[in-house]
Amino acid sequence: MTVNYNLDVSNSGALSLFKLLFRWKGSIWKAVWLEYLIWLVGYFIISSVYRYALTDVQKITFVEVVNYVTNGSKYLPLDFMLGFFVTHVVDRWEKMFQNIGILDNVSLMASAHIRGASIEARMIRRNIVRYCVLGQCVVFRDISMQVRKRFPTMDTVVTGRLMLQHELERFESIDDKYAKHWMPFQWAMSLANYARRLELIDDNIRATALISEIKTFRTQMATLRNYDWVPLPIMYPQLLVLAVHTYFALAIISRQFVDPTSIDLYFPVMSSLQFIFYIGWMKVAESLLNPMGEDDDDFELNWLLDRNLRIGLTIVDEGYETTPDIMQDDFWGDLNIKPLYANGSRAVHHFEGSTASVQLLDDKVKHVEMFPTSECSKAFDDGQVQFDRNINSKRVSVVNLKRPSDGRVSSVDSSNMFDNLRFSRRRISPSAKNSSASLGHFYNENSGYNN
């Protein structure tokens, strides 16, 4: 059963995550307690032998062994191995969850495209949904022990009401040494084509859209099959388990308190914490490696089958053509649209762009100079463009600013084809040749820039 703790951490706080430490189901304590108990027993046996059974000469030899094992343990790269392995396992887990198979889209498409309230139309819609759930069940039986225990044989699938007897006979009539997961999906697609021939589906585009949704659902099931077929190379988990357990087996010796100059603790506090962290880290990867099993945090596949069947049949049958009457909504004709909130609701923070309230121009600025960027490549000097005669042939414009009453957003006058810009150019002296106007400045070939 998937352990849900989202409500406990819905609000961040000093103790939000600490509350999770007192959970047992699916917890790190449940995962490591047995191995930790075995490790402690071994540690105390070695400690008792060293303290009470060895002679002084033997203790000296034991101390040398402890120092040798302590130095040798540094060569085991546990952090790198565990981190790399857990990263791959979490990625596999995430992709498997994304392809677990929610049937709602197929059901909605069947309800939308297969029209009619006749018995035949209803049967086609319902059977398309049921065949997809049947295909999912056939796949889950081969990759999940929890579903296999529920349906140990195909006869039990019939008894479980996911399949009819004549469908089982058709299913078993094809003798194929490979798995026949494709067959229920082929039945669903054939029913979609049959509905098109009966003109229950208006056109080929709608039929193709429905078949495409069925194909997408089938592809998800094939992806799960592939992940079950080809797991991570077995050498990888073997190497990890060997390295972690070897490290802590050596720690039974290397973590003994043999230094007379240090504090003599009978209980290995720091070593215990390290054991819980590293073994727990490995148990996380072990739990995620195959989420189709029967661990506390594995996917609820039997529930998913029941859910897909019930909701799917409800959508295509009971929920078919149950759209409410079209009426004017409560905000009809109301320009001040303000939905209501229950007492105690969380305060609403309006979404706004990060630069939406930035005021770049102060109130004294009345015009903004606009000119082509390609002509400004000679850079700026203290924020002012250094004009030259090469830009005289280009139009330089001035935008008059129109400030709204609230002073938050700047806009411009509306008088041209864009309804938001008004370009104004000063009149230039007839003696000026190829001149440009900008904020009261213009260029005269004889006298240069003048005000």
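Rules used in this analysis
- Residues numbered from 1 in each chain as written.
- Predicted model: local features only at pLDDT ≥ 70, side-chain atom pairs only at ≥ 80, totals over all residues.
- Heavy atoms only, no water.
- UniProt positions renumbered as here; feature names shortened; annotations may be inferred.
- Helix = DSSP H or I, 4+ residues; strand = E, 2+ residues; numbered from the N terminus.
- Buried < 20%, exposed > 50% of the residue type's maximum accessible area, 1.4 Å probe, protein only.
- pLDDT = per-residue confidence, 0-100.
- Contact = heavy atoms within 4.5 Å.
- Axes fitted to C-alpha atoms, helices over the stretch in contact; angles between N-to-C directions.
- Parallel < 35°, antiparallel > 145°, perpendicular 65-115°, else oblique.
- Left-handed = near helix turned anticlockwise from the far one by under 90°.
- Nonpolar A, V, L, I, M, F, W, Y, C, P; charged D, E, K, R; others polar.
- Polar contact = N/O pair within 3.5 Å; in protein donor to acceptor, adjacent residues only side chain to side chain.
- Expected span 1.5 Å × (residues − 1).
- Bend = angle between axes of the 7 residues up to and from the residue.
- Phe/Tyr/Trp six-rings, centres within 6.5 Å; stacked < 30°, edge-to-face > 60°.
- Lys NZ or Arg CZ within 6 Å of the ring centre and 35° of its normal.

Draft legend 1. Main features of the UniProt feature "transmembrane region" (unreviewed entry) in the protein. Those residues carrying the UniProt feature "transmembrane region" (unreviewed entry) are residues 33–53 and 234–253 in this numbering. Secondary structure across residues 33–53 comprises 100% helix and 0% strand; the distance between its end C-alpha atoms is 29 Å. Counting secondary structure, residues 234–253 comes out at 95% helix and 0% strand; the distance between its end C-alpha atoms is 30 Å.

Draft legend 2. Here's a closer look at unusual backbone geometry. A positive phi is found at R161, a non-glycine position, where the angle reads about 70°. With respect to the helices and strands, R161 occurs in the loop between α7 (154–159) and α8 (165–173). With a relative accessible area of 73%, R161 lands in the exposed category. Located in the positive-phi region is E199, a residue other than glycine, with phi close to 65°.

Draft legend 3. Inspection of the environment of L40 at higher detail. Checked against the element boundaries, L40 lands in helix α1 (residues 28–53). Residue class for L40 comes out buried when judged on its relative accessible area of 12%. It is 8.4 Å that separates the C-alpha atoms of L40 and S272, two residues lying 232 residues apart in sequence.

Draft legend 4. Molecular detail of the confidence of the model for the protein. On average, residues of the protein score 82 in pLDDT, and 82% of them are at 70 or above. Confidence drops under a pLDDT of 50 for residues 405–451, and excluding neighbours within four residues, the segment shows 87 contacts in the predicted structure.

Draft legend 5. Summary view of the environment of I124. Within the secondary structure layout, I124 lies in helix α5 (residues 119–143). Since its relative accessible area comes to 4%, I124 is described here as buried. Placed 67 residues apart in sequence, I124 and L191 show a C-alpha to C-alpha distance of 6.4 Å. Contacts of I124, omitting those with residues within four sequence positions, involve I114, L191, Y194, A195, L198 and L200.

Draft legend 6. Quick peek at the side chain of S271. Structurally, S271 can be placed in helix α12 (residues 269–289). In this structure S271 touches W39, F248 and R255, once residues within four positions along its chain are discounted.

Draft legend 7. Structural view of the packing of α1 against α12. Axis separation between α1 and α12 bottoms out at 9 Å; the angle between their running directions is 130°. On the basis of the axis angle, α1 is oblique to α12. Judged by the sense of rotation from one axis to the other, the crossing of α1 with α12 is right-handed. Here I28, W29, A31, V32, E35, Y36, W39 and L40 of α1 come into contact with α12, specifically with S271, S272, F275, I276, I279, G280 and K283. Partitioning the contact of α1 with α12 into residue classes produces 10 nonpolar, 3 polar and 2 charged.

Draft legend 8. Representation of the side chain of D317. Relative to the elements of secondary structure, D317 occurs in helix α13 (residues 301–318). Judged by relative accessible area, which is 17%, D317 ranks as buried. Within the structure, D317 has its side chain in polar contact with the side chain of R122 (distance 2.8 Å). Setting aside its immediate chain neighbours within four residues, D317 contacts R122 and R126.

Draft legend 9. Quick look at α1. Between the first and last C-alpha of α1 there are 36 Å, a value that for 26 residues agrees with the 38 Å anticipated at 1.5 Å per step. Along its length, α1 shows its largest kink, about 35°, at L34. All of the buried residues in α1 are V32, Y36, W39, L40, G42, Y43, S47, Y50 and R51. Buried residues along α1 sit in contact with α2 (56–73), α11 (235–254) and α12.

Draft legend 10. Layout of the packing of aromatic side chains. Applying the stated criterion across every chain yields a total of 18 aromatic pairs. Relative to F84, the ring of F80 has its centre 5.8 Å away and its plane inclined at 15°; by these criteria the two rings are stacked. Of this pair, F80 and F84 both sit in helix α3 (residues 78–98), 4 residues apart, which is roughly one turn of that helix. Exposure remark for F80: the relative accessible area of 60% places this residue in the exposed category. Note on F84: relative accessible area 42%, which makes it partly exposed. Ring geometry for W93 versus F97: centroids 5.9 Å apart, planes at 5°, classification stacked. A residue pair is termed a helical-turn pair when its members lie 3 or 4 positions apart in one helix, as W93 and F97 do in helix α3 at 4 residues. The rings of Y36, W39, Y43, F44, Y247, F248, F267, F275 and Y278 are connected pair by pair, giving a single aromatic cluster. Seen from the ring of Y320, R125 lies directly overhead, with NZ or CZ sitting 3.8 Å from the centre. Across from the ring centre of F171, 4.7 Å away, lies the NZ or CZ of K180, which sits over that ring.

Draft legend 11. Seen up close, the packing of helix α4 (residues 104–113) against helix α10 (residues 204–229). As a packed pair, α4 and α10 sit with axes 9 Å apart at the nearest point and diverge in direction by 165°. It follows that α4 is roughly antiparallel to α10 by the angle criterion. Where α4 crosses over α10, the handedness of that crossing is left-handed. Packed against α4, whose contacting residues are N105, V106, M109, A110 and H113, the element α10 presents R206, A209, L210, E213, I214 and F217 at the interface. Broken down by class, the residue content of the contact of α4 with α10 amounts to 7 nonpolar, 2 polar and 2 charged.

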